[in-house]
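Commentary on secondary and tertiary structure
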Amino acid sequence: MVPEDDWDRDLLLDPAWEKQQRKTFTAWCNSHLRKTGTQIENIEEDFRDGLKLMLLLEVISGERLAKPERGKMRVHKISNVNKALNFIASKGVKLVSIGAEEIVDGNAKMTLGMIWTIILRFAIQDISVEETSAKEGLLLWCQRKTAPYKNVNIQNFHISWKDGLGFCALIHRHRPELIDYGKLRKDDPMTNLNTAFDVAEKYLDIPKMLDAEDIVGTARPDEKAIMTYVSSFYHAFSGAQKAETAANRICKVLAVNQENEQLMEDYERLASDLLEWIRRTIPWLENRLPENTMQAMQQKLEDFRDYRRLHKPPKVQEKCQLEINFNTLQTKLRLSNRPAFMPSEGKMVSDINNAWGNLEGAEKGYEEWLLNEIRRLERLDHLAEKFRQKAAIHEAWTEGKEEMLQKKDYETASLSEIKALLKKHEAFESDLAAHQDRVEQIAAIAQELNELDYYDSPSVNARCQKICDQWDGLGGMTQKRSEALQRTEKLLETIDQLYLEFAKRAAPFNNWMEGAMEDLQDTFIVHTIEEIKGLSTAHEQFKATLPDADKERLAILGIQNEIAKIVQTYHVNIAGSNPYTTITPQEINAKWDKVKQLVPQRDQALIEEHTKQQNNERLRVQFANQANIIGPWIQTKMGEIGRISIEMHGTLEDQLTNLRQYEKSIVNYKPKIDQLEGDHQLIQEALIFDNKHTKYTMEHIRVGWEQLLTTIARTINEIENQILTRDAKGISQEQLNEFRASFNHFDRDHSGTLGAEEFKACLISLGFDIANDAQKRTGIMEAEDFKTCLISMGYNLGENEFARIMSIVDPNRMGSVTFQAFIDFMSRETADTDTADQVMASFKILAGDKNYILADELRRELPPDQADYCIARMAPYTGPDGVPGALDYMSFSTALYGESDL
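Chains are numbered independently. Their residues run from 1 in the order of the written sequence. Where local features are concerned, this predicted model is filtered to residues with pLDDT of at least 70; where side-chain atom pairs are given and counted, the filter is 80 or more; whole-chain, interface and lining totals use all residues. Only heavy atoms go into the side-chain values, all of them from the structure, while hydrogens and water stay out.

The name given to the chain in an unreviewed UniProt entry is Actinin, alpha 1, with the source organism recorded as Neogobius melanostomus.

**Looking at the overall build of the chain**
The helix and strand inventory of the chain stands at 32 helices and six strands. The buried share of the chain, reckoned over its 902 residues, is 45%. All accessible areas in this document rest on Shrake-Rupley with a 1.4 Å probe, and a residue is counted as covered only by the protein chains that are shown. For the chain, the accessible area works out to roughly 46,000 Å², and carbon and sulfur atoms hold 51% of it. Every helix listed is a DSSP run of H or I at least four residues long, and every strand listed is a run of E at least two residues long, numbered separately from the N terminus. Think of it in three bands: residues with accessible area under 20% of the maximum for their type are buried, residues over 50% are exposed, and the middle band is partly exposed, with areas taken using a 1.4 Å probe on protein chains only.

**Let's talk about helix α3 (residues 74–90)**
The first and last C-alpha atoms of α3 sit 24 Å apart over 17 residues, in line with the 24 Å expected at 1.5 Å per residue. Listing the buried residues of α3 in full gives Ile78, Asn80, Val81, Ala84, Leu85, Phe87 and Ile88. Any two residues whose heavy atoms approach within 4.5 Å are treated as being in contact. Looking at the buried residues of α3, the elements they touch are α2 (51–61), α4 (100–104) and α5 (108–124). Glycine 92, located one to two residues past α3, shows a positive phi value of around 85°. A helix is expected to reach a length of 1.5 Å times the quantity of its residues less one.

**Some details on the packing of aromatic side chains**
Each Phe, Tyr or Trp ring, with Trp reduced to its six-membered ring, pairs with another whose centre is within 6.5 Å; inter-plane angles below 30 degrees give stacked pairs, above 60 give edge-to-face pairs, and intermediate values give tilted ones. Under the criterion given, the structure shown has 25 aromatic pairs. Ring geometry for phenylalanine 167 versus phenylalanine 233: centroids 6.1 Å apart, planes at 40°, classification tilted. With a gap of 66 residues between them, phenylalanine 167 in helix α7 (residues 165–174) and phenylalanine 233 in helix α10 (residues 223–286) connect regions that are remote in the sequence. For phenylalanine 167, a relative accessible area of 0% corresponds to the buried category. Given a relative accessible area of 0%, phenylalanine 233 falls into the buried group. Here phenylalanine 843 and phenylalanine 892 contribute two aromatic rings whose centre-to-centre distance is 6.0 Å and whose plane-to-plane angle is 80°, an arrangement assigned as edge-to-face. Here phenylalanine 892 lies in helix α32 (residues 889–896) and phenylalanine 843 lies in helix α29 (residues 836–846), a separation of 49 residues in the sequence. For the pair shown, phenylalanine 843 and phenylalanine 892 are each scored as buried. Linked through ring pairs, Phe157, Trp161, Phe167, Phe197, Tyr229, Phe233 and Phe237 together constitute an aromatic cluster. Geometry around phenylalanine 122 places arginine 121 over its ring, the cationic atom sitting 5.1 Å from the centre. The criterion is that NZ of a Lys, or CZ of an Arg, lies within 6 Å of the ring centre and within 35 degrees of the ring normal, and then a charge sits over that ring. In this structure, lysine 401 packs its charged tip against the face of tryptophan 397, placed 4.8 Å from the ring centre.

**With respect to the packing of helix α1 (residues 15–33) against α5**
Lines fitted to the C-alpha atoms define the axes, with helices restricted to the stretch that makes contact. Angles between their N-to-C directions range from 0 to 180 degrees. Remark: α1 packs on α5, axes separated minimally by 11 Å, with the N-to-C direction vectors making an angle of 50°. By the angle between their axes, α1 is oblique relative to α5. Here α1 and α5 pass one another in a crossing that is left-handed. The segment α1 lies against α5, with Glu18, Gln21, Arg22, Phe25, Trp28 and Cys29 engaging Ala108, Leu112, Ile115, Trp116, Ile118, Ile119 and Ala123. Here the term charged refers only to Asp, Glu, Lys and Arg, the term nonpolar to Ala, Val, Leu, Ile, Met, Phe, Trp, Tyr, Cys and Pro, and the term polar to all other amino acids, Gly among them. Class assignment for the residues of the contact of α1 with α5 results in ten nonpolar, one polar and two charged. By the definition adopted for this analysis, an angle is roughly parallel if under 35 degrees, roughly antiparallel if over 145, roughly perpendicular if from 65 to 115, and oblique otherwise. What makes a crossing left-handed is the near helix being turned counterclockwise from the far one by less than a right angle; a clockwise turn instead makes it right-handed.

**Some details on the packing of α2 against α3**
Where α2 contacts α3, the two axes come as close as 8 Å, and the packing angle between them is 25°. Compared by their axis directions, α2 and α3 come out roughly parallel. Read as a crossing pair, α2 and α3 show a hand that is left-handed. Between α2, through Leu51, Leu53, Met54, Leu57 and Ser61, and α3, the contact on the second element is made entirely by Asn80, Lys83, Ala84, Phe87 and Ile88. Grouping the amino acids of the contact of α2 with α3 by side-chain chemistry returns seven nonpolar, two polar and one charged.

**Concerning the UniProt feature "coiled-coil region" (unreviewed entry) in the chain**
Taking the UniProt record as the reference, the feature "coiled-coil region" (unreviewed entry) is found at residues 253–280 and 418–452. Helix makes up 100% of residues 253–280 and strand 0%. Its end C-alpha atoms lie 41 Å apart. Note that residues 418–452 is 94% helix and 0% strand, and that its end C-alpha atoms are spaced 50 Å apart. UniProt positions are given in the numbering used here, feature names are shortened, and annotations may be inferred rather than shown by experiment.

**Things to note about unusual backbone geometry**
With a phi close to 60°, aspartate 205 is a non-glycine residue in the positive phi region. In this structure, aspartate 849 is a non-glycine residue whose phi angle is positive, near 70°. Note on placement: aspartate 849 falls in the loop between α29 and α30 (855–861).

**Section: the nonpolar core**
Throughout, nonpolar core names a set of buried Ala, Val, Leu, Ile, Met, Phe, Trp, Tyr and Cys residues whose side chains join them through atoms within 4.5 Å. If you look at the biggest cluster of nonpolar residues, it comprises 75 residues, and the most contacted ones within it are Ile118, Phe167 and Phe233. Here this core gets eleven residues from one element, more than from any other, and that element is α5. Residues in contact with isoleucine 118, not counting those within four places in the same chain, are Trp28, Leu53, Leu57, Ile60, Ile88 and Ala123. In this structure, Trp277, Phe304, Leu333 and Phe341 belong to the second largest nonpolar core, which totals 28 residues.

**Points about the side chain of arginine 338**
Tracing the backbone through its elements, the reader meets arginine 338 in the loop between α11 (294–335) and α12 (349–398). Side chain to side chain, arginine 338 and asparagine 257 meet in a polar contact 3.5 Å long. Excluding its chain neighbours within four sequence positions, the residues that come into contact with arginine 338 are Val253, Val256, Asn257, Asn260, Leu333, Leu896 and Tyr897. Two N or O atoms count as a polar contact when they lie within 3.5 Å, although within protein this holds only if one can serve as hydrogen donor and the other as acceptor, and sequence-adjacent residues are included solely when both atoms are side-chain atoms.

As structure tokens, then:
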């Protein structure tokens, strides 16, 4: 060490400065010599024999000097002083113009210069504050400690201390209970200085090295005296500085631990809420209890649309955010050297994904069930209406038939009347046979309604049973009447052939007209343009047969006219109507008019249905045009995100900014999705179930959109985690670029993953000896590959050590290592992070080197909330040197890092 350049011995000619230095240096020397039970009175006289000088050096250095000479002769004294000066020189101090003879002769100037050199070397040189040392370091320390105090501005070691407030501020900063700083005045330096000197001597064990009168009465107090005295304050408070540093370290560790615990609690709460929502929703989606009406099923479909449009999207965001929070928490735990977070039973990310998968499965099945139920109810309504129409027609036909068959009119009838009754009965049997198909159709429709679980099946069955029973009764009664007529047939000889011919031709024509009316009034259900065109074609064909039918009608009416002509010509006595049939010309004309009336109504119904199907086709094309744009757009964006995640353009912050802008552009596309949802709703409301114009369904678009939002959010989260890793581990941007460049070099297909051969080439480039085993294209290392990689990089791994490393890089036991986890592990091995031993050492400082710590010591050194946190979790100390209330900070420190239970 080179002595301070401003040491000028001529300055000692100033009596005031020399007096200050004598007193200060003498007090400083005595503060160390009293440890050996001795002291000096006169600084130039008491060091002349070199004994106390050597003793002083031994005390302040902690080292043993050469054995002193005990003789009284001058040569013995010079020898002792030379031993002291040589020891000083051995510490790197260059003594200029200071010789042993001058000290032995009692030269005050040389003696004071020597003591100042010793003070500089042993009391001031080792002071270090924020990369400054010695005088500059001591001055910076004073400035930092007194900065908060008014009227204190330390710029040097002379006039800045004249008002005494600087000394008082130093004491109050470290021991505020010793001085009431608010009562001090800048214009009362004597009181301020004496207060500081007295308090320092009484409570801080700092001897009084200066006189207030000397400082106040001197225009410029001696700088070396002030520095010597101030250095004593620095050393007195150095222990408090260590305690403050230790307390700061503990606060930092506890703050990280408390923040992580809060993140864990937030994850548990969010996971519980999401799982509870899934648990409540799945039973609703799995409820397959059908409704009886189309209106009720339409309401269920509307409720399902509200679920997909309003209730599910926020839960998709919550699930994505939960995964992001989980990844961020695990990254923070790794960066703070904490064990990985293991959620409660059933709340792992995989558990949530499984539950979400069950929800998706139930949702898909529910939608299919709803559509099938709507189709079933539509079919049921159609069949039920058809049943009612056919049953009404049949019941109208059977009305009065039983009474007719039960008549005994043949008993009093004439022969001609009997003949007529017989022919009439034969015509009735023909009509009865013609209605057999309708009865069978009614029974078949009722059977189909039962098979389709029609809600009003009991009433349908009752009506069908009544019709069948009545039909069986009609058959029996017809047979009986036929037998009765045949018994009297021999008595009947005359029959009017014209009546018979009329009846035979009128009955099928009447049946044809009834069938035509039934067909014209029959309801229909179609789903395509082709189907309605088919119905229209069949209707046109039917209309083409009307001219021939009209000819047949005129021919039948001609028979009736011929009957009337014969009756009029031959005065035939006939009673009542045609004995062979109940069909009259008026009825034929009425039904014919009805058929002609129903034809244009059928035309109008077909035209309206054709218009409806054209509108449905327009809806299909409208939806397809949008879906064929949005579907490829989503696929393109997914590919672009994949390319962005493996390319390197700028810093991580630039990449993060670009990704967020990219995410905003994607979110701005949402109105087009909503517009497509509106088109899809119109399609569903129109009961359109297929679309040949596009391969995309609304479900495809929804799933693709949700995957797109999730993928961009996950990519942003990966960049944020890389920033956390870089900042916490000290990895430079160039290193991260180098890591990614190596990965991209072997990712030749730019898929974001390494295939089998690509991964093999990458490992060989790192020095691996890899067999030709097939590799999956996952972009991650399996456990055995990772172990081989570590061995090639110089790690000596046994099974236990490898298991420990795998527990760090693969906390979820997936059996594979991601690129991010590999970077975290390598940076963690070289980073300077807090450890359990460091925290334990910090607690030991606060405890005053004891193996336990007291609650009062924690409250004195730590903030209240963190002190309470420690007290609540520290176990009682059970060592033999313990005292009541002693706490075990060692087990608490290891528990913070997962090495024991907290």
